[in-house]
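For reference, the chains in residue letters:
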Amino acid sequence: MQRMPWPDYFMNITYLVSERSTCTRRKVGAIAVKDRRILATGYNGAPAGVPHCMETGCLRERMGIPSGQRHEICRGLHAEQNVIIQAAVHGISIQGAELYCTTHPCGLCAKMLINCGIRRICYSEYYPDELAADMLREAGVIVEHFPFTPKAVDFHG
């Protein structure tokens with residue numbers, strides 16, 4: 001029996017993390033990894049202790065705002081933002097780490113990841129934000145598209 005390769009292992013975990021998402025539009029998960037160790041995880045959703053979109057409904061949906069626009073009126077944080085926050089809260093540096101993410105980061109997250117010193121981003125699903133892609137390239141962050149289908153895991157057999 002062959003062991004699962006590291007990139008598949010981390011991307012599977014990223015999709016598992018995304019299952020905690022409270023966004024009604026798109027489930028996104030992200031993990032920061034360094035030296036094959038997971039440093040922090042994050043999924044998209046409202047801040048801790050605040051009602052989330054599954055309870056309140058999606059304001060952007062009610063207003064007919066297309067995906068990728070008007071992020072500022074969304075209740076939720078992005079998965080990448082939550083990775084950064086979790087690392088900071090627990091005093092863990094993610095400088096020089098890799099980020100595995102179910103979806104390509106948006107422009108705001110790209111700027112934050114650049115300033116955190118993330119050196120490589122591996123994503124599965126495309127997100128239409130050319131500015132994000134341009135800035136990551138300009139900053140020298142390695143960005144790799146990793147087409148992926150999560151593997152179902154049978155914990156009982």
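Residue indices follow the written sequence of each chain, beginning from 1 at its first position. Given that the model is predicted, a residue must reach a pLDDT of at least 70 before its local features are reported, and side-chain atom pairs must reach 80 or more before they are shown or counted; all residues, however, enter totals for whole chains, interfaces and linings. Neither water nor hydrogens contribute to the side-chain values; these are computed over all heavy atoms in the structure.

**Side note on helix H5 (residues 107–116)**
Then step 1. For the exposure calls, accessible area comes from a 1.4 Å probe over protein chains only, and a residue counts as buried if that area is under 20% of its type's maximum, exposed if over 50%, partly exposed in between. Helix and strand assignments come from DSSP, with helices taken as H or I runs of at least 4 residues and strands as E runs of at least 2, each series counted from the N terminus. Every buried residue of H5 is listed here: Gly 107, Cys 109, Ala 110 and Leu 113. Buried residues of H5, seen end-on, are gathered within an arc of 155 degrees and therefore sit on one face of the element.
Then step 2. Downstream of H5 by a residue or two, Gly 117 has a phi angle that is positive, lying close to 85 degrees. Arc, as used here, means the arc of the directions from the helix axis to the C-beta atoms.

**Some points on the sheet that holds strand E5 (residues 142–145)**
Then step 1. Any two strands are treated as partners once DSSP identifies two or more bridges connecting them. Sheet architecture is open: five strands sit in the order E2-E1-E3-E4-E5, paired in mixed fashion. Looking at strand neighbours, the two that pair on one side only are strand E2 (37–43) and E5, the edges of this open sheet. Ignoring which end each strand starts from, the neighbouring axes of this sheet average 20 degrees apart.
Then step 2. In terms of strand pairing, strand E3 (residues 98–103) meets strand E4 (residues 120–125) through five bridges, oriented parallel. The angle between two axes is taken between their N-to-C directions and runs from 0 to 180 degrees, where each axis is a line fitted to C-alpha atoms and a helix contributes only its stretch in contact.

**Let's talk about the environment of Gly 57**
Then step 1. Relative to the elements of secondary structure, Gly 57 occurs in the loop between helix H2 (53–56) and helix H3 (59–62).
Then step 2. For Gly 57, a relative accessible area of 25% corresponds to the partly exposed category.
Then step 3. In the structure, Gly 57 is positioned 34 residues away from Cys 23 in sequence and 9.1 Å away in space, judged by C-alpha atoms.

**Focus on the pattern of salt bridges**
Then step 1. By definition, a salt bridge exists where a carboxyl oxygen of Asp or Glu is found within 4 Å of a side-chain nitrogen of Lys or Arg. Across all of its chains, the model carries five salt bridges by this definition.
Then step 2. The salt bridge partner of Lys 27 is Glu 19, with a shortest N-O separation of 4.0 Å.
Then step 3. Of the charged contacts, one joins Arg 120 and Glu 98 as a salt bridge, the two residues approaching to 3.2 Å between their closest N and O atoms. With Arg 120 in strand E4 and Glu 98 in strand E3, this pair connects stretches of sequence that are 22 residues apart.
Then step 4. Among the residues examined, Arg 120 registers a relative accessible area of 13% and is labelled buried.
Then step 5. Here the salt bridges do not stand alone but share partners, grouping Glu 98, Arg 119, Arg 120 and Glu 144 into one network.

**Some thoughts on the environment of Ala 139**
Then step 1. By the element assignment, Ala 139 lies in the loop between helix H6 (130–138) and E5.
Then step 2. The class of Ala 139 is partly exposed, set by a relative accessible area of 42%.

The quantities given are spatial measurements derived from coordinates; they are silent on function.
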